[in-house]
Structure formats: C-alpha cells, structure tokens
Amino acid sequence: MAQHFLLSSAAKTLSLAQVFRMTDAEAETVFRKVRWSETNGEPVCPSCGGVDAYDCRRPNGASRFRCRACQKDFSVTSGTLFASHKLPLRGYLAAIAIFCNEVKGKSMLAMSRDLGLSYKAAFVLGHKMREAMAEEMKGRTIGGEGKVAEVDGGHFGGYVKPANRKENRLDRRLWENQNGKRKAVVIIRERNGNSLPAVFGTEGAALAWIKSRVADGTVVHADEAAAWNGLHSRFEMKRINHQEAYSADGACTNMAEEYFSRLRRAEIGHHHHIAGVYLLRYAQEAAWREDNRRNTNGEQVQRLAGNALKRKPSVDFTGYWQRRKAA
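If you're wondering where the values come from, they're calculated on a predicted model, not measured in any experiment.

Visitor: I'd like a description of the side chain of Thr296, backed by residues and values.
Guide: Mapped onto the fold, Thr296 is located in the loop between α8 (279-291) and α9 (297-310). The buried category is assigned to Thr296, whose relative accessible area is 12%. Polar side-chain contacts of Thr296 include one of 3.2 Å to the side chain of Thr13.

Visitor: I'd like a description of the packing of helix α7 (residues 254-271) against α8, backed by residues and values.
Guide: Between α7 and α8, whose axes approach to 9 Å, the crossing angle comes to 125°. The angle between α7 and α8 places the two elements in the oblique class. When you trace α7 past α8, the crossing you get is right-handed. Of α8, the residues touching α7 (which contributes Glu258, Tyr259, Arg262, Leu263 and His271) are Tyr282, Ala283, Glu285, Ala286, Ala287, Arg289 and Glu290. Residue composition of the contact of α7 with α8, grouped by class: 6 nonpolar, 1 polar and 5 charged.

Visitor: Go over the pairing of strand β4 (residues 148-156), please, and point to the residues and values.
Guide: Most of β4 sits inside the fold, with 7 of its 9 residues counted as buried. Across 3 bridges, β4 lies against strand β7 (residues 219-223) in parallel orientation. Paired with Val148 across the two strands is Val219, which belongs to β7. In the sheet, β4 pairs with strand β5 (residues 183-190) via 8 bridges, with the strands oriented antiparallel. The partner of Ala149 across the bridge, within β5, is Glu190.

Visitor: Pulling in residues and values, what's your account of the sheet that holds strand β8 (residues 236-240)?
Guide: The mixed open sheet is built from 5 strands, whose spatial order is β6-β5-β4-β7-β8. Edge positions in the open sheet fall to β6 (195-200) and β8, since each of these has one partner strand only. Shown here is a sheet whose adjacent strand axes are inclined to one another by a mean of 25°, direction ignored. Its contacts with the sheet put α8 on β4, β5 and β6, and the angle it makes with β6 is roughly 165°.

What counts, and where the lines are drawn
Residues numbered from 1 in each chain as written. Predicted model: local features only at pLDDT ≥ 70, side-chain atom pairs only at ≥ 80, totals over all residues. Heavy atoms only, no water. Helix = DSSP H or I, 4+ residues; strand = E, 2+ residues; numbered from the N terminus. Buried < 20%, exposed > 50% of the residue type's maximum accessible area, 1.4 Å probe, protein only. Polar contact = N/O pair within 3.5 Å; in protein donor to acceptor, adjacent residues only side chain to side chain. Axes fitted to C-alpha atoms, helices over the stretch in contact; angles between N-to-C directions. Parallel < 35°, antiparallel > 145°, perpendicular 65-115°, else oblique. Left-handed = near helix turned anticlockwise from the far one by under 90°. Contact = heavy atoms within 4.5 Å. Nonpolar A, V, L, I, M, F, W, Y, C, P; charged D, E, K, R; others polar. Pairing = 2+ DSSP bridges.

Coordinates in, geometry out; function isn't part of it.
Right under this line is the structure:
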C-alpha cells in the first residue's frame, strides 16, 4: 500500500522547531524576501514605489525603513494584513506554520495557548489568515473545454439543541423548528484543479452563481438533488443517485464530498460553531486546504505568508474588538 503523502518526509519541509530557533533578524529576512521578492528582500516604499530606502529602526529594535524619495516611514508589514502588528515577526511566522500544519483547521483557543496570546488576538489573527487564503479565490473560474467539475451542497451551522424529555422534542428538520442560521455551503470543484465555495440560503439559490463561475464546455457532475436541474440548460451534466451508488456510469461527486468531509470535521472537531457571517470564511479555508493538500507544509507557509503580505489591511478585522468595523 502506498504511503500517504502527509506521512512522507517530502511533506515536512518546515518545523516549528526551526521557526522558534530563528532569531528576530532571520524572521525579518524571511518576511522581506516574501514581500519584496522582485528585489530579493530589498525594501520598496509602499507609498511611492521607491527602492532607495535606509534602515531607520525604532528604539526597541523593531524593523522600520525611511524612503529617501518621499521621506515616509514604513515596515515590512506596512499596508498589509499584518499592518500595525504587536507580535514580533517570528511570532507571526510561527502562527502561520501552526495554522498550515493543521489539516482540518486550528482552534484559536489552542493557538492562544501555543503562542501565549489572548483569545481575542488569536481569533482576529486566524481570520486574517483565512482572508489571505480567500485572496486566491477572487474572480476564480472553474473548468473549461474538456474539463470536469463537481457541484454539491451541504448544510452547516444553526444547531438547535433538542429538549431534555423525548415528548418535548420537535422535528428539527422542519423549517418552523429551525433558528434561521443554517445555511447551504455550495462547492464547485474541478478535478485535478481548484475549488470554489460560496454560502446561500438554499442550494437552489446558487444556480446563477454556478453558471457565472463555471466555464463553458465543462462537464458538470452532480447528485440527484432537484436544485441542480437548472444546470442542464447550460452544461453537459452527469448525475449520480447516492441512494443507489456513490459512483456509477462515470458519474460521481466524490471530490466534492471530500471537501465536505474536511469542513464537517473542522466544524465538529475544532470550531464547533461556524454559522453566520463567518461561515464563508471557514468554507474558503477548507477549500484552500483541499487544493494545497499535496503541497509541503513549507510551501503552504510560503504561499499563505505571500498572500497576507500582498493583501491590504483587513476590511473586516481592523479594529474588530474595538467595534470600529463590523465583520
């Protein structure tokens, strides 16, 4: 039997021990090379684009540069998701490594213990990393001529606790006995390609979005749910009845089901509650983890750090706990 990729030595190219052995200067060098890869880590002013800057460190030794062209100060994280950071850069590198090493998600309560942070700080940091993951999905189109994509939906969030006594319990499947927070996560997944999730009130509400994100000429696989019937007018469809088989006559949605398996285990095992405004972020995280499951952990850290340093400051989580912004 072939060894699973995650068990192989090839999957492990970065360890937390390596990160914690780094000096602050070495961690700064890593971030500089990720952010300013075109200049091999030499600082580029985010205000004017000038490449003539000199080291002008803060009294506590924290990184800071001053641009000779516009005379503005900046750091390696200025204008990025990690702008105005309080942790040392080595702490952020460790946080990204810990986050990427978890294949089904990371509890922010555990992250706060790992790094000695408050839960609030870990919560915001986790969502900033999910925002960096989602950066890769903006404007993404799935499939194309001769390619195959799978479409499926799953319901998450909105748990209603049953009554203690059996005679007082309600049928929680009925709409009137739900709390309105349960939403449908719809996934489009290209075979041997990328994934794209979204959140809707029902699976049927996703049809227009699917048609806009799946390229013409794609062969679409779906289950027998009536919500997908409207896709026949646009795509060549292959349907599978899961009451009869998981795969039959060349049709299956096993890769979409793999995605939901990962998201479901993250919900049950790590987060416990992913409803409401945060559901899409957790869905995007699971999609990123699925798409990068065959990349080494070192590559994942490099990719996530690169996304975070290219992304502008968070719209939703800048000043989140001060309630200046609403997520």
